[in-house]
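Each chain, written out:
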Amino acid sequence: MTARTIRARDRPVFGVDVHSGDVRGDDPSYALVILDPVDEDDPDAPDAEGPMARVTRDVVSFRKLCRLIDDREPRYVATDNAYELAADQGELVGFLRSLPDGTRLVQVTGAERPEPLSRVASRHGIPYGKEPMKEAEASARLAAANVGHEVTAFTDETRVKVSRGRSTGKGGWSQDRYTRRIHGNVRKRTRQVQSKLTEANLDFERDVTEKYGGYANATFTVAARPEEIPVSNSRAGDVRVEVERERRDGIEYEPLVKRRDRVIVGIDPGTTTAAAVVGLDGTVHALYSSRTADTAEVTEWIIEQGRPVIVAADVEPMPETVEKFRRSFDAAGWRPTTDLPVDEKLHRTREASYDNDHERDALAAALYAYDDHEDQFERIAAKTPPRLDREAVIAGVVAGGASVESVVAELSEDEGGEGGDGAGDADETDPTEPERTEEEETIRRLRERVDRLESHAESLEADLAERDDRIAELESELEEAKREERVEARTRRVVSRLERETDRLERERDEARETAEELEGKVETLKELWRLDHSNFDDLAADRGLVSVKVVEQFTLDALKAADEAYGLVAGDVVYLRDASGAGRRTAERLAETDPRAVIRDGNLSAVADQVLFDHDVPVVPADAVPVREVDELAVANEGELEDALDDWEKRAERRRRAEKQEHLDRIISEHRAGRTPPETEE
């Protein structure tokens, strides 16, 4: 980062880090570093060789930080972790929504998987310290150098809504005129907004809800950020205008500067040409396939994805088409010793999604090339100083065929020439400068080597400090794990005690159930003995004016059989049918065979069953006429009520017999008369 980088900014850059407290607690304080742009014409402006911007340091509360952001409208609010400004995703979205137009929240340590701030700062030559204020300053300087990712929860589309600013009311003498005026003003304001968007040459879509006299509301979906739209939030009289960016599904991270990284390209030529791009870390970036694209189109697509270091094929020897691509990019080539089998391709690409077999083959070639060079990439990265571009060193070694030391030396010289004070340019342009002697040249190389070694030593010290921090963190985690293990051991002891108690209670429950079953058996035995002992219950009941009743649950063959097995059905019994409906001829005949004294029914008998019992002179009386009282399995009825019901049945039965006899005589007479009538003669 140069002085010109800072001076190019028209707004300040904020660097923020938690100073004390916890963002999830009450009132955390923040270390704030503000890098203000400077004017080169200002006599008080810092020199290019000195500080690159005016630096303001302060410790502020979250509210004061938000007020400063609103007042100063910085270009970037930089931090090493976006969630130091919000407890969760919802709060982070609210914070992003509150930022002024044009202000971006930047996470300088990367995207979803950020690196340590010390490593990023060391790689870019930014001073770093563990104190919150130094971390805030490092974040600000990294963001000023366009290092990091913008944290965003919104798309690049903005919704502009024009709607009614007041209610149309519930009625009145002038209701129609009042409503028409409001809708007319909404329509007028909608046309003004549309005219401004058109003049700004912005793409938009309009959705209008028409109402009586004009518009109820109108929504413009504009393909631009709010700061690019010549309309702002407003409310005047009858109309309200709201400007709001469209939300994404979640939080996304977009790089501040999109660079064309070094990549590995796999190509599968043929009728359908396919290409796959894989990063130097093995990440799948993009896939492409086409039946109509020529070499130029495929080359253009690859250039858009990155700068190829390796061009790979999945067959041996490498096809001529793939070789042409390799030469055009001046990249290294890779091919397998034998053609890659289909099952191995399927296994290697199992975690990626592709549209056809050609894309699969190209992706398999790129991934196998990465697997073959992975160890080499790691060795090169280990030998690369932190301030140099690791991918550039890998490209120089793999594609250029040079050694790591020579590539590092060349890149170091290039970087020193670009970032120095101009002495390098003077060496090239000043022909009067005397040529260095061999000893002076040796001294220069040794000094450069010392500088590189000192830089490497600083990097190692930073790594050592980071490792110490990691050791402390792991020791803390170990203590926490031991504490959790002790808690878990106590929990296991409590669980074991409760399990033993549960087993004891279950044994007691099983014993209680066995005792209950044994007692139930004894009760059944006692009931049976009681019935045997009171076999003369009919005599006892008769002494008290009662008659015993035998209960049948339902007028079916199974129920009659169950009652007969329980207490026997014999002649002279009084039978109580708890449900008399549904019986047929066979069931009625089975009951009639027992020759009961009477049948007390609850419910209506079928016509067939009623006729069968009547033909067998079995009295059937309703339960309403003879109430049955039940005690456990015994039932009794009042003898007098039963006699009265039987007398009543005898009277009804006599009338029924006479009626049947009369009907029978009438039928005989009719048949006799019909038999004496002479047959008609034919004419």
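For the structure itself, look to the data block above.
All of the points below concern the structure found in this document.

Thresholds, definitions, all that
- Residues numbered from 1 in each chain as written.
- Predicted model: local features only at pLDDT ≥ 70, side-chain atom pairs only at ≥ 80, totals over all residues.
- Heavy atoms only, no water.
- Phe/Tyr/Trp six-rings, centres within 6.5 Å; stacked < 30°, edge-to-face > 60°.
- Helix = DSSP H or I, 4+ residues; strand = E, 2+ residues; numbered from the N terminus.
- Buried < 20%, exposed > 50% of the residue type's maximum accessible area, 1.4 Å probe, protein only.
- Core = buried A, V, L, I, M, F, W, Y, C linked by side-chain atoms within 4.5 Å.
- Contact = heavy atoms within 4.5 Å.
- Patch = residues over 30% accessible without salt bridge, like charges linked within 9 Å, V, L, I, M, F, W, Y side chains within 5 Å.
- Areas by Shrake-Rupley, 256 points an atom, 1.4 Å probe, with all protein chains shown as cover.
- Salt bridge = Lys/Arg side-chain N within 4 Å of Asp/Glu carboxyl O.
- Lys, Arg positive; Asp, Glu negative; His and termini not counted.
- Charge placed at Lys NZ, Arg CZ, Asp CG, Glu CD.
- Pairing = 2+ DSSP bridges.
- Right-handed = clockwise from strand over helix to strand, strands pointing away.
- Axes fitted to C-alpha atoms, helices over the stretch in contact; angles between N-to-C directions.
- Parallel < 35°, antiparallel > 145°, perpendicular 65-115°, else oblique.
- Left-handed = near helix turned anticlockwise from the far one by under 90°.
- Nonpolar A, V, L, I, M, F, W, Y, C, P; charged D, E, K, R; others polar.

## Quick look at the packing of aromatic side chains
Reasoning step 1: Summed over the entire model, instances satisfying the criterion amount to six aromatic pairs.
Reasoning step 2: Ring centres 6.1 Å apart and planes at 50 degrees place the aromatic pair Tyr 30 and Phe 62 in the tilted group. A residue pair is termed long-range when its members are at least 10 positions apart, and Tyr 30 in strand 2 (residues 29-36) and Phe 62 in helix 2 (residues 62-72) qualify at 32 residues.
Reasoning step 3: Judged by its relative accessible area of 1%, Tyr 30 falls in the buried class.
Reasoning step 4: Their ring planes at 70 degrees and their centres at 5.8 Å tell us that Phe 204 and Phe 220 sit as a pair that is edge-to-face. Of the two residues, Phe 204 is situated in strand 7 (residues 204-211) and Phe 220 in strand 8 (residues 214-222); the sequence distance between them amounts to 16 residues.

## Concerning the nonpolar core
Here is a general trend for soluble globular proteins: nonpolar side chains tend to be buried in one another's company.
Reasoning step 1: Ranked by size, the top nonpolar core spans 28 residues in total, and within it Ile 264, Ile 310, Phe 377, Ile 380, Val 393 and Val 398 carry the most contacts.
Reasoning step 2: Secondary structure elements with two or more residues in this core: strand 12 (273-279), strand 14 (307-312), strand 15 (332-334), helix 10 (357-383), helix 11 (390-398) and helix 12 (404-419).
Reasoning step 3: Of the residues forming this core, the biggest block, nine residues, is contributed by helix 10.
Reasoning step 4: Each residue touching Ile 264, except ones within four places of it in the same chain, is listed here: Ala 276, Val 277, Val 278, Gly 279, Leu 280, Ile 310, Ala 366, Ala 369, Tyr 370 and Phe 377.

## Comments concerning a nonpolar patch on the surface
Reasoning step 1: On the surface, Leu 665, Ile 668 and Ile 669 cluster together to form a nonpolar patch covering roughly 240 Å² of accessible area.
Reasoning step 2: Take Leu 665: it is sitting in helix 19 (residues 639-676).
Reasoning step 3: Taking relative accessible area as the criterion, Leu 665 reaches 42% and is therefore assigned partly exposed.

## Digging into a negative patch on the surface
Reasoning step 1: Taken together, Asp 70, Asp 71, Glu 73, Asp 101, Glu 227 and Glu 228 make up a surface patch of like negative charges.
Reasoning step 2: With respect to the secondary-structure elements, Asp 101 resides in the loop between helix 3 (89-98) and strand 5 (104-107).

## Some points on the pairing of strand 5
Reasoning step 1: Here strand 4 (residues 76-79) runs beside strand 5; their pairing, made up of four bridges, is parallel. Bridge pairing in strand 5 links Ala 78 to Val 106.
Reasoning step 2: As for the winding sense of the linkage, the β-α-β connection from strand 4 through helix 3 to strand 5 is right-handed.
Reasoning step 3: Pairing of strand 5 with strand 6 (residues 149-164) involves three bridges; the strand directions are antiparallel. For Leu 105, the partnering residue across the bridge sits in strand 6 and is Val 151.

## Some details on the packing of helix 17 (residues 585-593) against helix 18 (residues 607-615)
Reasoning step 1: Close contact between helix 17 and helix 18 brings their axes to 8 Å; oriented N to C, the two are set at 30 degrees. Taken together, the axis directions place helix 17 and helix 18 in an arrangement best described as roughly parallel. The hand of the helix 17/helix 18 crossing is right-handed. Contacts from Arg 585, Ala 588, Glu 589, Leu 591 and Ala 592 of helix 17 reach helix 18 at Val 608, Ala 609, Val 612 and Leu 613.
Reasoning step 2: Residues of the contact of helix 17 with helix 18, tallied by class, amount to seven nonpolar, no polar and two charged.

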